[in-house]
Amino acid sequence: MVASVSALSSAGQAASYYEADDYYAEGGMAPSEWFGEAAEKLGLSGEVDREKFAELLEGRIAGQQLGTTRDGKVEHRPGWDITLSAPKSVSIMAEVAGDKRLIKAHGAAVKVALAHVEKHMAATRIRQGGEVRREATGNLAIATFRHETSRAQDPQLHTHGVILNATQDKDGNWRSLEPRAFYQLQKEIGAIYRQELAHGVAALGYKIEAGKDSLFEIAGVPEKAIDALSQRTAAIDARLAERGTNREHASAAEKQIAALDTREAKTSADHRSLRADWRATADANGFDKAARAKLIGEARERSKNSEATASPELLARQAVACAAAKLSEREAVFSASTLAREAGDFAFGKAEHGAISAAIAEAKKSGELVPRTFLDRRGAEFFGFTTPLAIATERTILRLEEARRGTIQSLASPVTAARTIERAARQSSRSGYAWTQDQKRATAELLISRNRVTAVQGYAGTAKTTTVLATYAREASPTCELRDIWDRGSGPCWGHGEGCPRPPSRSRQMPWRGRARPRRLRYHRCRSRHAE
């Protein structure tokens, strides 16, 4: 019930994989379809032609050959497969109980998720002056194939979205894709799909039982029946258990490895026979024909008589406001794609992503959201936002910082600071961790600074607290005046420095170029015991 992302190893293997044993055809019951702006530019629409599909996977795009030529051979990655799988209860109600409306809801959710990928993640690499930068393109060519069974021959409604390794840049040139965002935002892709599907399922009259990370099941489908029709899931869970973990705690990479380790060869089977077996299994596990029919009937009746408690537009606006408030607690600038995902969580099952996108556009127009460039950990640029409150608070902090420059005595001289840092680094090295030059430089700047307010910036997990700030704290006396350090990274907030403006009840983040928010860290300070 997640989104999986995998690279296609070669054009030849990929073409045979999607054609072998009529894997996607299943007697004509599983359609294929082109999707995406780049597909439209290439004149691709409707059903996916197999020969044309194989040609495109080889990189032959619009009369040119994409890829790199080495030793007279063209090297070109065919593309990537983003697979979106419905919750097991949705598959059971669609394939076992026979409510085909759910297949349509799944297809609509897939398109929303892939449109999100195209809008926020499509990019190429541009080389200029010896530098390589990421350029967003906003167009993809995606071949989608819907499938109704798992490799274990269980009911499993899912769609493969095969993204061709081609996109058109702003100058109209066809280029290979920069795929890193597909992997970085894999969870986000799955969340968008599940949020839209939950809305679609609820609109059909079903009650949903929501879990964390946008996971859900249809209420009324017995867990016993779900387990009995989840052989593939059971095999993956068993492999994860062998590795000392489980689905809740395993990383995406560990889950991917477990899935590949337990992957069975593709087989074809008669769907009428499979469906009869599925229904017999459901009957034996507390979900017989009468129970299935009752659940569908109740859903249909509920969808006819349901009355909305609030307009989707209002719910979407509230969701966007709540999402922006949550994100701005910990990030100065947040990406537009993350905002859409968070808003979808707040409006889970109640508002579709079209309404959320409209609410984001409205908030941008009204000034509630201010466009900014979001930088990821590697410095790649994405479209993002900050808030007016964040900007105002940052300006207050900057005025405070400027007014208090050079107003106190440094904690140590440059020589003493260097000795202190080397001593701390040696102690850390004995524990198996080596300090970086950035950590040493930041610590030195703190120790010799004569400024009342000092900022330290670093990404989450860069050991700011255990290296830079811990060393500073050891060098400070617990009996003298306060010094305020703004930690522009992640970690716990350790208090508020005297004279610094206090945040509102839901603390906000300052827009420090899209990096993690500054936090006030309180330390006592007096003349260094090592001062010369």
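What counts and what doesn't
Residues numbered from 1 in each chain as written. Predicted model: local features only at pLDDT ≥ 70, side-chain atom pairs only at ≥ 80, totals over all residues. Heavy atoms only, no water. Helix = DSSP H or I, 4+ residues; strand = E, 2+ residues; numbered from the N terminus. Buried < 20%, exposed > 50% of the residue type's maximum accessible area, 1.4 Å probe, protein only. Pairing = 2+ DSSP bridges. Axes fitted to C-alpha atoms, helices over the stretch in contact; angles between N-to-C directions. Parallel < 35°, antiparallel > 145°, perpendicular 65-115°, else oblique. Left-handed = near helix turned anticlockwise from the far one by under 90°. Contact = heavy atoms within 4.5 Å. Nonpolar A, V, L, I, M, F, W, Y, C, P; charged D, E, K, R; others polar. Phe/Tyr/Trp six-rings, centres within 6.5 Å; stacked < 30°, edge-to-face > 60°. Core = buried A, V, L, I, M, F, W, Y, C linked by side-chain atoms within 4.5 Å. pLDDT = per-residue confidence, 0-100.

## Regarding the overall build of the chain
Across its full length, the chain carries 19 helices and 21 strands. When each of the 532 residues of the chain is scored for burial, the buried share is 50%.

## Examining the sheet that holds strand β1 (residues 3–7)
Strands sit in the order β1-β7-β11-β10-β2 across an open sheet of five strands; the sheet is antiparallel. Single-partner strands in this sheet number two, and they are β1 and β2 (32–35). Here the strands of the sheet are splayed against their neighbours by 20° on average, with no regard to which way each runs. Summarising the sheet, β2 and strand β10 (residues 142–149) pair through four bridges and their orientation is antiparallel.

## Some points on helix α14 (residues 336–346)
For an α-helix, 3.6 residues make a turn, and residues three or four places apart therefore share a direction. Where burial is concerned, most of α14 is hidden: eight out of the eleven residues are buried. Residues of α14 that are buried: Ala336, Ser337, Thr338, Leu339, Ala340, Glu342, Ala343 and Gly344.

## A closer look at the packing of α14 against helix α15 (residues 353–366)
Contact geometry of α14 with α15 gives a least axis separation of 10 Å together with a crossing angle of 125°. In this view, α14 runs oblique relative to α15, as classed from their interaxial angle. The chirality of how α14 crosses α15 is right-handed. On α15, the residues touching Leu339, Ala340, Ala343 and Gly344 of α14 are His353, Ile356 and Ile360. A per-class count over the contact of α14 with α15 returns five nonpolar, two polar and no charged.

## Description of the packing of aromatic side chains
The description of an aromatic ring pair uses the distance of the two centres, along with the angle that the planes make with each other. A full pass over the atoms with the stated rule returns five aromatic pairs. Taking 6.3 Å as the distance between ring centres and 65° as the angle between the ring planes, the aromatic pair formed by tryptophan 34 and phenylalanine 53 counts as edge-to-face. Of the two residues, tryptophan 34 sits in strand β2 while phenylalanine 53 sits in helix α3 (residues 50–57), which places them 19 residues apart along the sequence. Each member of the pair tryptophan 34 and phenylalanine 53 is classed as buried. When the centroid spacing of 5.1 Å and the interplanar angle of 80° are considered together, the rings of phenylalanine 383 and phenylalanine 385 count as edge-to-face.

## A few points about the nonpolar core
Core analysis: the largest hydrophobic core is formed by 58 residues, its most contacted members being Met93, Leu102, Tyr206 and Ile218. In terms of residues, this core owes the most to one element, helix α5 (residues 101–121), which gives nine residues. Grouped together as the second largest cluster of nonpolar side chains are 21 residues, Leu315, Ala316, Ala323 and Ala359 included.

## Considerations on unusual backbone geometry
Trans peptide bonds make up most of the peptide bonds, and negative phi angles are found at most residues other than glycine. Non-glycine residue aspartate 213 carries a positive phi angle of around 55°. Topologically, aspartate 213 is positioned in the loop between β14 (208–210) and β15 (216–218). The class for aspartate 213 is exposed, based on a relative accessible area of 53%. Backbone geometry at serine 214 places phi at a positive 65°, although glycine is not the residue there.

## As for the confidence of the model for the chain
Per-chain confidence: the chain averages 81 in pLDDT, with 78% of residues scoring 70 or above. Taken together, the stretch residues 19–29 has pLDDT below 50 and engages in 27 contacts with residues farther than four places along the chain or on a different chain. In this model residues 488–532 is a low-confidence stretch, pLDDT under 50, and it forms 168 contacts with partners more than four residues away in sequence or in other chains.

## Considering the environment of glutamate 313
Take glutamate 313: it is sitting in helix α13 (residues 312–327). Separated by 46 residues in sequence, glutamate 313 and alanine 359 have C-alpha atoms that sit 7.2 Å apart.

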